[in-house]
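Architecture and fold: a report
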Amino acid sequence: ETSEINTQIKRLENLSISMSNLIASGNSDKIMHLEKIRKKIITDIISTKKVIPSEHKDAFKNLIHLNDKIINEMKMEKKKKLQKIKKQIKFVESAKSQ
């Protein structure tokens with residue numbers, strides 16, 4: 001049981017690293033797939049009500065917090081890109097109408 005939780009926590013760590021690397025490389029499209037996997041792992045851990053060993057509790061909490069932060073940053077970045085595109089569209093439309 002402890003081994004399974006250790007494996008799941010390690011998978012969460014690897015997902016976090018992959019998500020960070022994707023954001024750093026500007027390839028945020030694949031992050032949502034990794035986010036679904038991450039949520040499933042967390043849900044599995046919580047739903048089975050297995051006891052997380054005390055040496056992994058802080059790591060588990062930090063992973064959840066870090067991943068939430070990564071997702072929020074990605075959403076903000078996408079929002080900025082969309083706003084920039086909307087401004088460009090408005091500019092092009094106004095230039096056409098003149």
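The structure contained in this document is the topic of the report that follows.

About the thresholds
- Residues numbered from 1 in each chain as written.
- Predicted model: local features only at pLDDT ≥ 70, side-chain atom pairs only at ≥ 80, totals over all residues.
- Heavy atoms only, no water.
- Salt bridge = Lys/Arg side-chain N within 4 Å of Asp/Glu carboxyl O.
- Helix = DSSP H or I, 4+ residues; strand = E, 2+ residues; numbered from the N terminus.
- Buried < 20%, exposed > 50% of the residue type's maximum accessible area, 1.4 Å probe, protein only.
- Polar contact = N/O pair within 3.5 Å; in protein donor to acceptor, adjacent residues only side chain to side chain.
- Contact = heavy atoms within 4.5 Å.
- Core = buried A, V, L, I, M, F, W, Y, C linked by side-chain atoms within 4.5 Å.

1. Considering the pattern of salt bridges
- This structure, assessed with the given rule, holds five salt bridges.
- Ionic pairing is found between K10 and E13, a salt bridge with its closest N-O pair at 3.7 Å. Here K10 and its partner E13 are both found in helix α1 (residues 2-24), three residues apart, which amounts to about one turn of the helix.
- Exposure remark for K10: the relative accessible area of 47% places this residue in the partly exposed category.
- Linked by salt bridges that have partners in common, E35, R38, K39 and D68 make up one network.

2. What about the side chain of E35?
- Looking at the element boundaries, E35 is found in helix α2 (residues 31-47).
- Of the polar contacts made by the side chain of E35, one reaches the side chain of R38; its length is 2.6 Å.
- With residues up to four places along the chain from it excluded, the contact list for E35 reads M19 and I71.

3. A short note on the nonpolar core
- Counting residues in hydrophobic clusters, the biggest one holds 17 residues, and the most contacted among them are I9, L12, M19, I31, I45, I52 and F60.
- Those elements giving two or more residues to this core turn out to be α1, α2 and α3 (54-97).
- It is α1 that contributes the most residues to this core, six residues altogether.
- Residues contacting I52, with those up to four places away along its chain left out, are I5, I9, I45, K57 and F60.

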